[in-house]
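Survey of secondary and tertiary structure
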Amino acid sequence: MGATTSLCGLLGSRREPLGGDAVAPEREICCDYLVVGAGASSLAFVDTLVEEMPSVRVCIVEKREAPGGHWNDAYDFVRLHQPSLFYGLPSRQLEGNWLLSFLKFQKPWFHRATKQEILRHYRAGVRSWSRAGRAQFYGNCEYDFARTPKSADGTHYFTSLDTGEEYSVKVSKKLVNGVEYEPLIPSKCPLPFPVDKEVTVLTPNDLPATRKRHPHYVVLGCGKTGMDTVIYLQRKLGVDPKDITLLVPNDVWIYDRYPRVPSRGPWDFVHKYLECDGDFPRTCLAMEAQGLFLRFDETRMPTVLRHPIIDKKELALLRRVNMVRRGRVSSIKLGVGKRSILLKFGSDYLPMTFRENTAFVNCCSPGPFNGHRASLNSEDVDIFDSKSLITLYIIFTPPASLPSSAIAFLEAGVQKGTKN
């Protein structure tokens, strides 16, 4: 499906003359803002921008067929870790209608959207902008960053990944780079170390459709995806926890989804960090003392915060499995006679041996910590890079979409002359 079909078939935005015959989209496009990427950050930016500047014209370029960014490629059993109330498009309710929730004796502020609900939410938002003439969506297209013009009045280019057709864009205001924090996920990233081809390697996407039961599962990675996988193996596939091994290269701090004081949450981290004069360990211990942070093992001091959010029942399931702390894996090799599998680590640790037919589940992709400038050596970055470029960085977390809304609000204030 090419850019024309994606734009029209998915979003119903094909322009039609009075006679009803479809008109192909123009190869030369004019807009106020050219937004690269249609994930959570980009779409939150666009949503706020069109609310604040109703006459604005936006062009959205996305390499996938549909809006939603990495959610299109995520595993089917994924849910938001935080309440839906704090995610998605500010102008739309991802948690659904509150009255209907109350009639079903459900609390809407506890709703956690599924992958399917998130994708429907984003598609509905883009469809509404398109029908209102505020935005054009070009799916299956890739923006050419190498040809980004140096001057504000230059021409931008993107290409259809299906047809190879090139589109030129004249942007009157700014280019918006919304892919700087694009998550790298297991379904799109192979394991970063050698693995013998006879070894069974799965991704979380494979688990719901896999009929074969393996004698043992080794979950590679202890971030959000790894935690979800361990919980899914126990709750949905009925795997005995003794048959699951979770590799923990570094112990991690975890947000408690239901803290003792309901009004407290992840948003308290920045305030606490300032109170502790930027001392990260002291900040995390203070958050734990207030019932906001959890950890796998209370006798071990975590060193990493990647913002996973779970509840205490899920933590109990995680604590039931075998946890291995030997650093990062260096290779997975077949043993002598191919009757066993050797899981090798760095030179400081001996390899581990597992039975043949053990399944290794790849959960070690970096997610949004993908090597962008802000994640390397804490380098300072400039969101408003120039008069013609905005880069969407996650300036505070979670949720990931809120910073982009704040950036759009600031940008609209600048354009309207109301920033003060």
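Scroll up a little and you will see the structure.
Thresholds applied
Residues numbered from 1 in each chain as written. Predicted model: local features only at pLDDT ≥ 70, side-chain atom pairs only at ≥ 80, totals over all residues. Heavy atoms only, no water. Axes fitted to C-alpha atoms, helices over the stretch in contact; angles between N-to-C directions. Helix = DSSP H or I, 4+ residues; strand = E, 2+ residues; numbered from the N terminus. Parallel < 35°, antiparallel > 145°, perpendicular 65-115°, else oblique. Contact = heavy atoms within 4.5 Å. Nonpolar A, V, L, I, M, F, W, Y, C, P; charged D, E, K, R; others polar. Core = buried A, V, L, I, M, F, W, Y, C linked by side-chain atoms within 4.5 Å. Buried < 20%, exposed > 50% of the residue type's maximum accessible area, 1.4 Å probe, protein only. Salt bridge = Lys/Arg side-chain N within 4 Å of Asp/Glu carboxyl O. Pairing = 2+ DSSP bridges. Phe/Tyr/Trp six-rings, centres within 6.5 Å; stacked < 30°, edge-to-face > 60°.

Notes on the packing of helix α5 (residues 224–235) against helix α8 (residues 312–320)
In a pair of packed helices, the angle between the axes and the distance between the axes together describe the arrangement. Taken N-terminus to C-terminus, the directions of α5 and α8 make an angle of 85 degrees; their axes are 9 Å apart at the nearest point. As judged from the angle between their axes, α5 and α8 are roughly perpendicular. Contacts between α5 and α8 involve M227, V230, I231, Q234 and R235 from the former and K313, E314, L317, L318 and R320 from the latter. By residue class, the composition of the contact of α5 with α8 is 5 nonpolar, 1 polar and 4 charged.

Some remarks on the nonpolar core
In this structure, F45, V58, I60, W71, W129 and F296 are the most contacted members of the largest nonpolar core, which totals 67 residues. A total of 6 residues in this core trace back to one element, the largest contributor, which is helix α2 (residues 40–52). For W129, the contacting residues outside a window of four places in its chain are L43, V46, D47, V50, I60, L89, R134 and A135. Counting residues in each nonpolar core, the second largest holds 16 residues, with L220, I332, L334 and F360 among its members.

Re unusual backbone geometry
In this structure, F105 is a non-glycine residue whose phi angle is positive, near 60 degrees. Structurally, F105 is set in the loop between α3 (98–103) and α4 (115–131). Under the relative-accessibility criterion, F105 is labelled exposed at 79%. Backbone geometry at H307 places phi at a positive 70 degrees, although glycine is not the residue there. The residue H307 is located in strand β12 (residues 304–310) in this model.

Some details on the pattern of salt bridges
In the structure shown here, the tally under the stated rule is 25 salt bridges. Across the pair D144 and R147 runs a salt bridge, and its minimum N-O distance is 4.0 Å. The class of D144 is partly exposed, set by a relative accessible area of 25%. Classification of R147 by relative accessible area gives partly exposed; the value is 36%. Among the ionic pairs, K174 bridges to E411, the shortest N-O distance being 2.9 Å. Placement of K174 in strand β6 (residues 166–177) and of E411 in helix α9 (residues 401–416) is noted, with a sequence separation of 237 residues between them. Take E411: its relative accessible area is 0%, and that puts it in the buried class. Connected through salt bridges with shared partners, the residues E62, K63, R64, D73 and E182 form a single ionic network.

Observations regarding the sheet that holds strand β16 (residues 352–355)
Taken in spatial order, the 3 strands of this open sheet run β14-β15-β16, and their pairing is antiparallel. Of all strands in the sheet, those with a lone pairing partner are β14 (331–334) and β16, marking the two edges. The sheet shows a mean angle of 25 degrees between the axes of neighbouring strands, direction not considered. Direction of pairing for strand β15 (residues 340–344) relative to β16: antiparallel, over a ladder of 4 bridges. For L342, the partnering residue across the bridge sits in β16 and is T353.

Describing the sheet that holds strand β13 (residues 322–324)
In space, the 5 strands of this open sheet follow the order β7-β17-β8-β9-β13, with parallel pairing throughout. The open sheet is flanked by β7 (200–202) and β13, the only strands paired with a single partner. The sheet shows a mean angle of 25 degrees between the axes of neighbouring strands, direction not considered. As judged from the 3 bridges shared by β7 and strand β17 (residues 359–362), these two strands associate in the parallel manner. Of the residues in β17, the one forming a bridge with T200 is A359. Sitting on the sheet, α5 touches β8 (217–220), β9 (244–247) and β17, and the angle it makes with β8 is about 160 degrees.

Quick notes on the packing of aromatic side chains
Both the distance between ring centres and the angle between the ring planes are used here to describe each pair of aromatic rings. If you walk through the whole model with that rule in mind, you get 20 aromatic pairs. A ring pair is formed by W98 and W109, whose centres lie 5.8 Å apart and whose planes are at 55 degrees; its orientation type is tilted. With W98 in helix α3 and W109 in the loop between α3 and α4, this pair connects stretches of sequence that are 11 residues apart. Taking the centre distance of 6.0 Å and the plane angle of 85 degrees together, the rings of Y181 and Y393 count as edge-to-face. Here the residue Y181 occupies a position in the loop between β6 and β7, and Y393 occupies one in the loop between β18 (389–391) and α9, the gap between them amounting to 212 residues. Residue classification places Y181 among the buried residues on the basis of a relative accessible area of 14%. An aromatic cluster is built from W253, Y255, F269, Y273, F280 and F293, whose rings are joined through pairwise contacts.

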